[in-house]
Amino acid sequence: MKYLVIQIFFVFAARLGLFTKFVSLMTVLHFMLLSMRNINSLTVAFLAALLGFCVACSEPADTQYHKVDDRTSITSEAWRLRDDGGPIDSCIALQRMAVEELRRGDSPDDAVTVLAQMGLFLYGDGDLSSALAFYQEAADSLAVTPQNLRSEGAIQLFGNMSLLYERIYMFDKAFEWSDSAIAECKRQGGRLLSDVYRFRAGCYNNKGELDKALECYDLALNAIDNSNSNADKGMLRSVIDGERAYFLLENFGDCPDSVDRAVKLLERSIENYGEEYESASRQLSLGMGYVLQGKKQQGLKLMEDAAAEIRRQGELEMTDYANCVLFESYATLGEWQKLAELYPDYHATRDSMTRIEHHDNIIAANVSFDVQNKERTIEMQNLMLKMTHQRTVLVVVSASLILVLLIIVVATLVARRKIERRRYSEQTDIDKKRIKTLEQNLEAGRNSNNDILATPQFITRQMTGAFRRAFDSLYPDFTPRLKAAVPELTANDELLCMLIFLRHTTDEIAVYLGISRASVNSARYRLRTKMGLAKSENLDSYIIALINPA
């Protein structure tokens with residue numbers, strides 16, 4: 001009986017986690033050997049041993065639960081919070097914990113997934129610079145990961161990089177990362193390929209290449225049937241149908257065939273997945289299609305219900321879009337009463353979105369400048385490394401030649417003369433290379449000036465000097481002639497004149513100066529007044545004529 005008491009003690013000890021599985025199991029076996037001294041205790045021993053073995057080889061209920069919870073990925077929890085509509089600040093804070101865990105070496109996730117998701121959250125919050133830094137760190141980590149160990153995180157990283165570069169209008173870079181995403185999708189058997197083509201279609205749409213955008217939607221549909229993805233293929237088709245329909249209505253609303261096609265796509269999408277994916281936005285687009293087809297009441301009713309649901313969801317960008325669509329439809333159809341009722345909400349959301357867009361454009365311009373500056377820095381570093389390597393090779397070769405020449409000098413006087421001529425020839429080559437290097441450096445400086453003047457970017461107080469120096473180096477006569485013609489111009493007036501002389505558009509000047517289009521037009525008007533121009537005289541032609549007189 002005493003052995004049974006001891007065994008029960010060990011069973012509960014194992015249950016409480018006080019002993020390891022190994023100790024508990026060995027105790028059970030030890031008890032079985034002792035208890036086999038008589039037949040009566042053997043039965044009890046067997047039952048106790050069986051109980052102890054089962055407990056020792058399994059996790060206790062509480063322990064098992066906490067173990068699973070402890071190993072739950074913080075990255076997964078952050079993503080779940082985002083899917084549940086949690087505040088972006090909370091998602092970012094939780095993901096920072098995942099990054100810290102990764103830095104400590106305790107993360108259950110791969111580095112690419114953790115870092116790329118951190119970048120995605122920051123991108124969603126508008127912090128493009130920080131997002132790009134995390135994306136680049138994730139890309140560095142991916143570069144040292146064998147291809148056979150890459151996961152979907154690699155595809156998502158490439159896609160996210162493409163979206164970021166699209167947002168800052170660096171389309172060449174965006175398509176480069178999109179190409180990488182497509183190649184990685186195909187390497188992984190077509191996984192996420194339809195999504196990548198969808199995003200690529202959006203990029204072509206923003207760039208204005210509509211034919212290529214339509215082609216990408218077709219490729220996205222083909223990828224659904226030819227991939228090994230476990231995703232709901234019907235849902236994927238519904239998503240693509242909705243986006244293609246919106247694309248057709250937005251770009252080809254004046255073409256009846258395109259409108260009819262868009263309406264059919266939306267009706268099919270809503271019929272198959274009416275309540276499962278962005279129902280309100282699709283109903284809004286369908287209402288748009290009905291109005292364009294002439295179904296006024298049916299379309300407006302659908303659009304109004306969808307807009308009300310979108311407002312209830314509280315997402316500013318979608319609310320602004322819904323208000324704009326309704327506002328335009330009311331104006332087109334002559335619904336003046338409804339137009340007046342909508343105007344206050346329309347004006348408020350439009351004003352908010354204008355401020356956000358202005359802020360985002362400034363951020364995008366700064367990030368674009370930083371990216372290009374970093375790329376130029378890397379190129380210069382690579383060039384310096386190459387030149388250093390060339391110098392090293394040249395030094396080694398020169399030393400070898402000198403040694404050979406010295407040996408020849410000792411041998412004969414004739415050899416010495418040959419060595420001197422060879423040295424002269426080598427020195428001439430070195431001088432030519434130095435001259436060529438100086439010419440390349442001068443050309444690089446001119447190219448840098450052209451980049452500053454030709455690429456729209458916000459001119460901060462610190463950048464004003466660099467911009468003026470770049471301008472004066474290319475057009476040294478402009479500023480003196482401008483001051484001589486109109487002495488009362490301010491420094492800001494001169495900067496505006498420079499931008500006009502460079503033939504920048506009003507939108508580009510707004511980006512350079514960090515002001516709105518309306519402010520640019522006001523500044524142009526004040527400039528005309530100071531210059532005493534008549535209404536018939538063109539301001540741009542007058543400024544250009546200062547340096548290029550007819």
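In this text, all values refer to a predicted model and were calculated from it rather than measured experimentally.

1. Brief notes about the overall build of the protein chain
The helix and strand tally for the protein chain stands at 25 helices and 0 strands. Across the 550 residues that make up the protein chain, the buried fraction comes to 37%. Excluding contacts between residues fewer than 6 apart, the proportion of contacts in the protein chain whose partners are at least 24 apart in sequence is 56%.

2. Things to note about the nonpolar core
If you look at the biggest cluster of nonpolar residues, it comprises 87 residues, and the most contacted ones within it are Leu157, Tyr165 and Ile168. Ranked by residues supplied to this core, first place goes to helix α7 (residues 111-124) with 9 residues. Every residue in contact with Tyr165, bar those within four places of it in the chain, is listed here: Leu132, Gln136, Met170, Phe171, Lys173, Ala174, Trp177 and Val371. Of all hydrophobic cores here, the second largest spans 32 residues; its members include Leu499, Ile500, Ala523 and Leu527.

3. Some remarks on helix α25 (residues 539-547)
What α25 keeps buried is the set Leu539, Ile543, Ile544, Leu546 and Ile547. Buried residues of α25, seen end-on, are gathered within an arc of 145° and therefore sit on one face of the element. Each element contacted by the buried residues of α25 is listed here: α21 (478-485), α22 (491-501) and α24 (517-531). Backbone nitrogen of Asp540 and a side-chain oxygen of the N-cap are separated by 2.9 Å at the start of α25; the cap is Asn538.

4. Focus on the pattern of salt bridges
A side chain with one charge may pair with a side chain of the opposite charge, provided their charged atoms come close. Tallied over the entire structure, the rule returns 26 salt bridges. The salt bridge involving Glu137 is made with Arg103; its shortest N-O contact spans 2.7 Å. Within this pair, whereas Glu137 is found in helix α8 (residues 128-143), its partner Arg103 is found in helix α6 (residues 88-104), the two being separated by 34 residues in sequence. Look at the salt bridges and you will find they share partners, linking Arg150, Glu184 and Arg187 into a network.

5. Focus on the packing of helix α10 (residues 171-187) against helix α11 (residues 193-207)
The relative placement of two packed helices comes down to the angle between their axes together with the axis-to-axis distance. Two elements in contact, α10 and α11, have axes whose closest approach is 10 Å; the angle formed by their N-to-C orientations is 165°. As summarised for this structure, α10 and α11 are arranged roughly antiparallel, according to the angle between their axes. In this structure, α10 meets α11 at a crossing whose hand is left-handed. Where α10 abuts α11, its residues Phe171, Ala174, Phe175, Ser178, Asp179, Ala181, Ile182, Cys185 and Lys186 lie against Leu193, Val196, Tyr197, Arg200, Cys203, Tyr204, Asn206 and Lys207. Along the lines of polarity and charge, the residues of the contact of α10 with α11 split into 11 nonpolar, 2 polar and 4 charged.

6. Overview of the packing of helix α15 (residues 279-293) against helix α16 (residues 296-313)
Between α15 and α16, the shortest axis-to-axis distance is 8 Å and the interhelical angle comes to 155°. As judged from the angle between their axes, α15 and α16 are roughly antiparallel. Here the hand of the crossing between α15 and α16 comes out left-handed. Between α15 and α16, the residues in contact are Ala280, Ser281, Gln283, Leu284, Leu286, Gly287, Met288, Tyr290 and Val291 and Lys296, Gln298, Gly299, Leu300, Leu302, Met303, Ala306, Glu309, Ile310 and Gln313, respectively. Split into classes, the residues belonging to the contact of α15 with α16 amount to 11 nonpolar, 6 polar and 2 charged.

7. Section: the packing of aromatic side chains
The tally for this structure, following the rule as stated, stands at 15 aromatic pairs. Measuring from centroid to centroid gives 4.1 Å for Phe327 and Tyr346, while their planes differ by 10°, and the two rings are stacked. In this pair, Phe327 sits in helix α17 (residues 316-333) while Tyr346 sits in helix α18 (residues 336-411), placing the two residues 19 residues apart along the sequence. Take Tyr346: its relative accessible area is 18%, and that puts it in the buried class. Ring geometry for Phe467 and Tyr512: centres 5.8 Å apart, planes at 65°, overall edge-to-face. In this pair, Phe467 sits in helix α20 (residues 461-474) while Tyr512 sits in helix α23 (residues 506-513), placing the two residues 45 residues apart along the sequence. For the pair formed by Phe467 and Tyr512, the shared burial category is buried. Taken together, the aromatic side chains of Phe471, Tyr475, Phe478 and Phe501 make up a single cluster linked through ring pairs. Over the face of the ring belonging to Tyr123 we find Arg167, whose NZ or CZ atom lies 5.2 Å from the ring centre.

8. Looking at the side chain of Ser162
Mapped onto the secondary structure, Ser162 falls in helix α9 (residues 152-167). Leaving out residues up to four positions away in the same chain, Ser162 has contacts with Ala174, Trp177 and Ser178.

9. Concerning a positive patch on the surface
Side chains of Arg417, Lys418, Arg421 and Arg422 sit close together on the surface and give a patch of like positive charge. If you trace the backbone, Arg422 turns up in helix α19 (residues 413-454). Overall, Arg422 belongs to the partly exposed group, its relative accessible area being 39%.

10. A closer look at unusual backbone geometry
With a phi close to 65°, Tyr169 is a non-glycine residue in the positive phi region. Among the secondary structure elements, Tyr169 is positioned in the loop between α9 and α10. Positioned with a positive phi, Arg503 is a non-glycine residue whose angle comes to about 65°. Within the secondary structure layout, Arg503 lies in the loop between α22 and α23.

11. Some thoughts on the confidence of the model for the protein chain
Caution applies to low-pLDDT parts of the model: their predicted coordinates are not meant to be read in detail. Looking at the protein chain, pLDDT values average 80 and 81% of them are 70 or higher. Mean pLDDT in the protein chain bottoms out at helix α4 (residues 61-71), which sits at 37, and peaks at α24, which reaches 93. Here residues 1-70 scores under 50 on pLDDT; set against residues more than four positions off or in separate chains, the count is 48 contacts.

12. So, the environment of Ala322
The residue Ala322 is located in helix α17 in this model. Classification of Ala322 as buried rests on a relative accessible area of 1%. Spatially, the C-alpha atom of Ala322 lies 8.9 Å from that of Ala308, the residues being 14 residues apart in sequence.

13. Digging into the side chain of Ser194
Here Ser194 lies in helix α11. Judged by relative accessible area, which is 6%, Ser194 ranks as buried. Once you skip the residues sitting within four places of it in the chain, Ser194 turns out to touch Ala220, Ala223, Ile224, Leu236 and Ile240.

Scoring rules and cut-offs
Residues numbered from 1 in each chain as written. Predicted model: local features only at pLDDT ≥ 70, side-chain atom pairs only at ≥ 80, totals over all residues. Heavy atoms only, no water. Helix = DSSP H or I, 4+ residues; strand = E, 2+ residues; numbered from the N terminus. Buried < 20%, exposed > 50% of the residue type's maximum accessible area, 1.4 Å probe, protein only. Contact = heavy atoms within 4.5 Å. Core = buried A, V, L, I, M, F, W, Y, C linked by side-chain atoms within 4.5 Å. Arc of directions from axis to C-beta. Polar contact = N/O pair within 3.5 Å; in protein donor to acceptor, adjacent residues only side chain to side chain. Salt bridge = Lys/Arg side-chain N within 4 Å of Asp/Glu carboxyl O. Axes fitted to C-alpha atoms, helices over the stretch in contact; angles between N-to-C directions. Parallel < 35°, antiparallel > 145°, perpendicular 65-115°, else oblique. Left-handed = near helix turned anticlockwise from the far one by under 90°. Nonpolar A, V, L, I, M, F, W, Y, C, P; charged D, E, K, R; others polar. Phe/Tyr/Trp six-rings, centres within 6.5 Å; stacked < 30°, edge-to-face > 60°. Lys NZ or Arg CZ within 6 Å of the ring centre and 35° of its normal. Patch = residues over 30% accessible without salt bridge, like charges linked within 9 Å, V, L, I, M, F, W, Y side chains within 5 Å. Areas by Shrake-Rupley, 256 points an atom, 1.4 Å probe, with all protein chains shown as cover. Lys, Arg positive; Asp, Glu negative; His and termini not counted. Charge placed at Lys NZ, Arg CZ, Asp CG, Glu CD. pLDDT = per-residue confidence, 0-100.

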